[in-house]
Amino acid sequence: MLKLMPYFYENHCSATTDMWTDDYKKISYISITVHYINENWEFNSNVLHVGQFLYDQKKTGDNIRNNLKQFFNQWLDNEE
């Protein structure tokens, strides 16, 4: 399993997010992709998470930020 924490600690990574809604079931999803530069200075990207965005939440900046913070807090607890 790829360990990403060294890239976070060395400030060699960033993350992007994307959201979309299924046209038929009207279910919203959110994804997180991490981008990092490895020890050979090669650029890499990995999808870190794809999940359902809570159906009862509006897609406001605050709700998106809270969703991302919740994911990263849980993820960091599992990584360390």
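That block above? That's the structure.
These numbers come from a predicted model, not from an experiment. (Residues numbered from 1 in each chain as written. Predicted model: local features only at pLDDT ≥ 70, side-chain atom pairs only at ≥ 80, totals over all residues. Heavy atoms only, no water.)

Draft legend 1. Seen up close, the overall build of the protein. Counting secondary structure elements, the protein contains two helices and three strands. The helix and strand sequence of the protein, counted from the amino end, reads α-β-β-β-α. Expressed along its principal axes, the backbone C-alpha trace of the protein runs to roughly 45 × 25 × 25 Å. Scored against the burial criterion, the 80 residues of the protein give a buried share of 26%. For the protein, contacts bridging at least 24 residues in sequence account for 39% of all contacts bridging at least 6. (Helix = DSSP H or I, 4+ residues; strand = E, 2+ residues; numbered from the N terminus. Buried < 20%, exposed > 50% of the residue type's maximum accessible area, 1.4 Å probe, protein only. Contact = heavy atoms within 4.5 Å.)

Draft legend 2. Representation of the nonpolar core. With 13 residues, the main nonpolar core has Leu 4, Ile 32, Leu 68, Phe 71, Phe 72 and Trp 75 as its most contacted residues. Within the residue set of this core, elements represented by two or more residues are α1 (5-9), β2 (28-37) and α2 (61-79). For this core, the element with the most residues is α2, which contributes five residues. Ignoring any residue separated from it by four or fewer positions in sequence, one finds Leu 68 in contact with Thr 17, Ile 30 and Ile 32. (Core = buried A, V, L, I, M, F, W, Y, C linked by side-chain atoms within 4.5 Å.)

Draft legend 3. Structural view of the packing of aromatic side chains. As enumerated under the stated definition, the model contains three aromatic pairs in all. Pairing Phe 71 with Phe 72 gives two aromatic rings, centres 5.4 Å apart and planes at 70°, and the pair type is edge-to-face. Pair check on accessibility: Phe 71 and Phe 72 agree, each one buried. Taken together, the ring pairs connect Phe 71, Phe 72 and Trp 75 into an aromatic cluster. (Phe/Tyr/Trp six-rings, centres within 6.5 Å; stacked < 30°, edge-to-face > 60°.)

Draft legend 4. Representation of the pattern of salt bridges in the model. Taken as a whole, this structure holds one salt bridge when the rule is applied. In this structure, the salt-bridge partner of Arg 65 is Asp 62, at a minimum N-O distance of 3.2 Å. One end of the pair is Arg 65 and the other is Asp 62, both in helix α2 and three residues apart, which spans about a single turn. With a relative accessible area of 45%, Asp 62 lands in the partly exposed category. (Salt bridge = Lys/Arg side-chain N within 4 Å of Asp/Glu carboxyl O.)

Draft legend 5. Up close: the pairing of strand β3 (residues 43-52). Relative to β3, β2 is paired through nine bridges, and the arrangement is antiparallel. By the bridge assignment for β3, Ile 37 is matched with Phe 43. Between β2 and the antiparallel strand that follows it, β3, lie five residues; Trp 41 among them carries a positive phi value of about 60°. (Pairing = 2+ DSSP bridges.)

Draft legend 6. Looking closely at a nonpolar patch on the surface. A cluster of nonpolar side chains, contributed by Trp 20, Val 47 and Val 50, occupies part of the molecular surface with about 290 Å² of accessible area. Structurally, the position occupied by Trp 20 is in strand β1 (residues 13-21). (Patch = residues over 30% accessible without salt bridge, like charges linked within 9 Å, V, L, I, M, F, W, Y side chains within 5 Å. Areas by Shrake-Rupley, 256 points an atom, 1.4 Å probe, with all protein chains shown as cover.)

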